[in-house]
Amino acid sequence: MANQTKQRALVFGAGRVADWYLNIFFPDLADRCEAVGLVDVNREALRSYGEPRGLWPHACYDSIDAAFAAVDAGDLEPTCAFVVLPPEVHYEAVAGCMKRGIPVLTEKPLSDDLAECLAIEAALEPSHRVAVMQNYRHSEGVRAARKLVAVGAIGRPHAVSLRFRTDYREFGSWDGPARHEVPHPILLDAAVHHLDLLRFVSGKEFESLVCDEWVPSGVTSFAGGCCVNLMARMTDGVRATYEASVVGAGEPRSWTGEEIRVEGELGALHVIGPRLWTERLEDGELVKEEVALEPMRYHHHMQAIVDFLDWIEGGDVEVPTVPDNLGSLRAMFAAVRSAKDGAWVRLDTLGPDAA
Ligand SMILES: NC(=O)c1ccc[n+]([C@@H]2O[C@H](COP(=O)([O-])OP(=O)(O)OC[C@H]3O[C@@H](n4cnc5c(N)ncnc54)[C@H](O)[C@@H]3O)[C@@H](O)[C@H]2O)c1
């Protein structure tokens, strides 16, 4: 087990998701971790989070550079960092932490630019601790499904699928206007979680894929593909399909309630949110069995943060490291390329210019 010490966290970002870290996750883990420095270009946000924590103004920084200057000068001594900034500035914060030997957990995606992801991978040294937030791995159903597939409960898997459907038909309802206005809103935001789940549950890696995205006729609230159909080949001959819509008008299969199905030679397993069941044909009769799930103390972000803290304290924990996460990121970048070109894309042909 890890040597637990209270970690001193430098938090990059004081926006919407950083609020979860500062007001929900850290208070729940008060014996494991506390914020000792905050970074955001928005000084009002800095002040509102910094003041109640006694960090304003001496440990609040209005640029990434200013925070690292304080670290270099010895004015700030974080033992870890959390990057909760927009994806386009993740690289600057993550690379700066690596250079200074600060263990870092960054929000997804590692970067919105594959060249930056590859540069981080190339700079990794054995002593570096860099992990990526893939919070959807941490639910009872998903974890149990992964274990059942790994122990052969449905025989050799041959196909895995994930369906995601949610209702953001009203303009702005997906966390404000930006996602409704950008190209590839599903592929560049949600898909990295779902592609990661397809890998995580099946235990297989993406090799090649083809992806179609579209805006259904009559939908005016999205400029970019708000529906996605993706088909992929994975290692060991497994096939994957991913179906996503953020203009779903039927029964939702939304965040944490996604529908995952794995087909194997002896049967299938099915996860929807907190439910998992197996199915097999016995003498032509369908036998369905609900699987009793082991309750987890923490879920989603909380479990990912606990795993990260255990990992940097020497615990034997599986976390999404950069090399692991590149399997999901390459699939995400390949999906964008394919959605533009309409062709199959092999992941091993993606270069740094893939973004
Ligand atoms: N894991 C999940 O389930 C999940 C869910 C939503 C968002 N996210 C990720 O969380 C991250 C943050 O998203 P958000 O919704 O909180 O965004 P946000 O826009 O609400 O907050 C980002 C903050 O970063 C600040 N900022 C921007 N550029 C900066 C810079 N150069 N230097 C310092 N500060 C800067 C902004 O002022 C803002 O306060 C993103 O990477 C996003 O993909 C993850």
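Residues numbered from 1 in each chain as written. Predicted model: local features only at pLDDT ≥ 70, side-chain atom pairs only at ≥ 80, totals over all residues.

Trainee: Would you mind showing me how to read the environment of Lys108 here?
Mentor: Checked against the element boundaries, Lys108 lands in the loop between strand 5 (104–106) and helix 5 (114–123). Put simply, Lys108 and Met133 are 25 residues apart on the chain and 5.5 Å apart in space, counted from C-alpha to C-alpha. Lys108 has contacts with Val132, Met133, Gln134, Val192 and His193, leaving out every residue within four places of it along the chain. (Helix = DSSP H or I, 4+ residues; strand = E, 2+ residues; numbered from the N terminus. Contact = placed C-beta atoms within 7 Å.)

Trainee: Is there a simple way to explain the pairing of strand 8 (residues 206–214) in this structure?
Mentor: Side-chain positions along a regular strand alternate between the two faces of the sheet. Relative to strand 9 (residues 227–234), strand 8 runs antiparallel, the two being bridged by eight bridges. Counterpart to Leu209 in the pairing with strand 9 is Ala232. The sheet contact formed by strand 8 and strand 15 (residues 345–346) spans two bridges and is antiparallel. Looking at the pairing, Ser208 lines up with Arg346 of strand 15. (Pairing = 2+ DSSP bridges.)

Trainee: What am I meant to see in the sheet that holds strand 2 (residues 33–39) here?
Mentor: Pairing between the strands of a sheet comes from backbone hydrogen bonds, and it takes one of two forms, parallel or antiparallel. One open sheet holds the six strands; their spatial order is 3-2-1-4-5-6, and the pairing between them is parallel. Bordering the open sheet on either side are strand 3 (60–61) and strand 6 (130–132), each of which pairs with just one other strand. For strand 4 (residues 80–83) and strand 5, the ladder comprises three bridges, and the chain directions are parallel. Bridging from a neighbouring strand, Val83 pairs with Thr106 of strand 5.

Trainee: Explain the site of the ligand here, please?
Mentor: Around the ligand, the surrounding shell holds 22 residues, and the nearest of these are Gly15, Arg16, Val17, Asn42 and Glu107. At three residues, helix 1 (residues 16–28) tops the list of elements feeding residues into the shell around the ligand. Taken together, the residues of the shell around the ligand sort by class into 13 nonpolar, five polar and four charged. (Near = placed C-beta within 6 Å. Nonpolar A, V, L, I, M, F, W, Y, C, P; charged D, E, K, R; others polar.)

Trainee: Looking at this model, I keep getting lost on the sheet that holds strand 13 (residues 275–282). Mind explaining?
Mentor: Strand order in the open sheet formed by nine strands is 14-13-12-11-7-10-9-8-15, and the pairing between neighbours is mixed. Where the open sheet ends on each side, the last strands, each with one partner, are strand 14 (285–290) and strand 15. For strand 13 and strand 14, the ladder comprises six bridges, and the chain directions are antiparallel. Note that in strand 14 the partner of Glu279 across the bridge is Lys288. Lying over the sheet, helix 6 (residues 140–150) contacts strand 7 (157–165), strand 11 (259–264), strand 12 (268–272) and strand 13, oriented at roughly 170° with respect to strand 12. Strands strand 7, strand 8, strand 9, strand 10 (239–245) and strand 11 of the sheet are contacted by helix 8 (residues 185–202), whose axis makes an angle of about 150° with strand 7. (Axes fitted to C-alpha atoms, helices over the stretch in contact; angles between N-to-C directions.)

Trainee: What is the right way to look at the packing of helix 4 (residues 90–99) against helix 5 in this model?
Mentor: Two quantities define a packed helix pair, namely the angle between the axes and the distance from one axis to the other. Between helix 4 and helix 5, the shortest axis-to-axis distance is 11 Å and the interhelical angle comes to 5°. Accordingly, the angle class assigned to the pair helix 4 and helix 5 is roughly parallel. Counted together, Tyr91, Val94, Ala95 and Met98 of helix 4 and Glu116, Ile120 and Ala123 of helix 5 form the full contact between these two elements. When its residues are assigned to classes, the contact of helix 4 with helix 5 shows six nonpolar, no polar and one charged. (Parallel < 35°, antiparallel > 145°, perpendicular 65-115°, else oblique.)

Trainee: For this particular structure, what's the right way to read the UniProt feature "domain: Gfo/Idh/MocA-like oxidoreductase N-terminal" (unreviewed entry) in the chain?
Mentor: As recorded in UniProt, the feature "domain: Gfo/Idh/MocA-like oxidoreductase N-terminal" (unreviewed entry) lies at residues 8–130. Between the first and last C-alpha atoms of residues 8–130 the distance is 16 Å; the span itself is 41% helix and 18% strand. (UniProt positions renumbered as here; feature names shortened; annotations may be inferred.)

Trainee: Just checking my understanding: could you explain the packing of helix 6 against helix 8 for this structure?
Mentor: The contact between helix 6 and helix 8 brings their axes to 7 Å, and the two run at 45°. Comparing their axes, helix 8 and helix 6 come out oblique. Within the contact between the two elements, helix 6 uses Val142, Ala145, Arg146 and Val149 and helix 8 uses Leu197, Phe200, Val201 and Ser202. Considered class by class, the residues forming the contact of helix 6 with helix 8 number six nonpolar, one polar and one charged.

Trainee: So what exactly am I meant to see when it comes to the domain arrangement of the chain here?
Mentor: Where interface size is quoted, it is often the accessible area lost as the parts come together. We note that the domain assignment places domain 1 (7–132) and domain 2 (137–299 + 329–349) within the chain. Distance from the C-alpha centre of domain 1 to the C-alpha centre of domain 2: 30 Å. (Domains from an automatic or database assignment.)

Trainee: How should the UniProt feature "domain: GFO/IDH/MocA-like oxidoreductase" (unreviewed entry) in the chain be read in this particular structure?
Mentor: The feature "domain: GFO/IDH/MocA-like oxidoreductase" (unreviewed entry), as annotated in UniProt, sits at residues 142–269 in this numbering. When the span residues 142–269 is considered, its composition is 24% helix and 32% strand, and the gap between its end C-alpha atoms is 11 Å.

Trainee: How do you make sense of the nonpolar core when you look at a structure like this?
Mentor: Nonpolar side chains in soluble globular proteins generally cluster together in the buried interior. Val11, Phe12 and Ala335 are the most contacted members of the largest nonpolar core, which totals 104 residues. Counting residues per element, this core draws most heavily on helix 8, which supplies eleven residues. When residues of this core are assigned to domains, at least three map to each of domain 1 (7–132) and domain 2 (137–299 + 329–349). Beyond its immediate stretch of four places on either side in the chain, Ala335 contacts Leu187, Ala191, Leu209, Cys211 and Leu230. (Core = buried A, V, L, I, M, F, W, Y, C linked by C-beta atoms within 7 Å. Buried ≥ 20, exposed ≤ 12 C-beta atoms within 10 Å, placed from the backbone.)

Trainee: Hey, could you run me through unusual backbone geometry in this one?
Mentor: Excluding glycine, residues mostly have negative phi values, and the peptide bonds linking residues are mostly trans. The residue after Trp56, namely Pro57, is reached through a cis peptide bond having omega -5°. Relative to the helices and strands, Pro57 is located in the loop between helix 2 (43–50) and strand 3. Omega for the bond connecting Lys108 with Pro109 falls within 30 degrees of zero, at -15°, which places this linkage in the cis form. For Pro109, the position within the fold is in the loop between strand 5 and helix 5. One non-glycine residue, Asp236, lies in positive phi territory at about 60°. Assignment of secondary structure puts Asp236 in the loop between strand 9 and strand 10. Among the residues examined, Asp236 registers 12 C-beta atoms within 10 Å and is labelled exposed. Of note in the backbone geometry, His300 takes a positive phi value of approximately 50° without being a glycine. Looking at the secondary structure, you find His300 in helix 9 (residues 300–312).

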